[in-house]
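Okay, here's what each chain looks like letter by letter:
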Amino acid sequence: MKSKVILTAFLSVSLLACAQETPKVKHKKKNIPTKTTAQKAKFANAIDPICEMKTEDDMKDTAVYKNKTYGFCSSYCKDEFKKNPEKYVQK
């Protein structure tokens with residue numbers, strides 16, 4: 001009987017200790033802008049023509065077509081645009 005009580009107490013303490021463990025991953029709390037020399041660009045498109053996400057001034061993935069700069073949310077969208085830009089410019 002005494003050993004069952006001790007075993008139950010030990011398991012309870014072990015479970016509580018595991019439940020209070022915090023994850024070791026540190027997430028960013030704020031999106032703090034970093035100092036860069038990159039300038040914000042004005043894109044010819046207000047939305048990504050491939051996935052239809054809204055473009056932002058600081059997008060890294062860009063392509064120039066007919067002297068106009070187009071912004072993309074990812075390199076995949078940029079590569080798809082480059083395959084047939086005329087198809088997406090007319091959207």
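Because the structure is a prediction, the values reported are computed rather than measured.

1. Quick notes on the nonpolar core
Core analysis: the biggest nonpolar cluster contains seven residues, these being Ala63, Tyr65, Tyr70, Phe72, Cys77, Phe81 and Tyr88. Of all the secondary structure elements, the ones that give two or more residues to this core are strand E1 (61–65), strand E2 (68–72) and helix H2 (75–83).

2. Quick word on unusual backbone geometry
What you tend to see is this: most non-glycine residues have negative phi, and most peptide bonds are trans. One non-glycine residue, Lys66, lies in positive phi territory at about 50°. Position of Lys66 among the secondary structure elements: in the loop between E1 and E2. You will see that Asn67, though not glycine, has its phi angle at about 60°, which is positive. Looking at where Asn67 falls in the secondary structure, it is placed in the loop between E1 and E2. On the basis of relative accessibility, which here comes to 78%, the residue Asn67 falls in the exposed class.

3. Here we look at the environment of Met59
Relative to the assigned elements, Met59 resides in the loop between helix H1 (2–19) and E1. Spatially, the C-alpha atom of Met59 lies 6.8 Å from that of Cys73, the residues being 14 residues apart in sequence. Among all residues touching Met59, those that are not within four sequence positions of it are Phe43, Lys54, Gly71, Phe72 and Cys73.

4. Considering the pairing of E1
Only one face of E1 is buried: it carries Asp61, Ala63 and Tyr65, and the other face, with Thr62 and Val64, is open. By the bridge criterion, five bridges tie E1 to E2 in an arrangement that is antiparallel. Bridged to Ala63 within E2 is Tyr70. Here E1 folds back onto E2 in antiparallel fashion, the turn holding two residues, of which Lys66 has a positive phi close to 50°.

Analysis parameters
- Residues numbered from 1 in each chain as written.
- Predicted model: local features only at pLDDT ≥ 70, side-chain atom pairs only at ≥ 80, totals over all residues.
- Heavy atoms only, no water.
- Core = buried A, V, L, I, M, F, W, Y, C linked by side-chain atoms within 4.5 Å.
- Buried < 20%, exposed > 50% of the residue type's maximum accessible area, 1.4 Å probe, protein only.
- Helix = DSSP H or I, 4+ residues; strand = E, 2+ residues; numbered from the N terminus.
- Contact = heavy atoms within 4.5 Å.
- Pairing = 2+ DSSP bridges.

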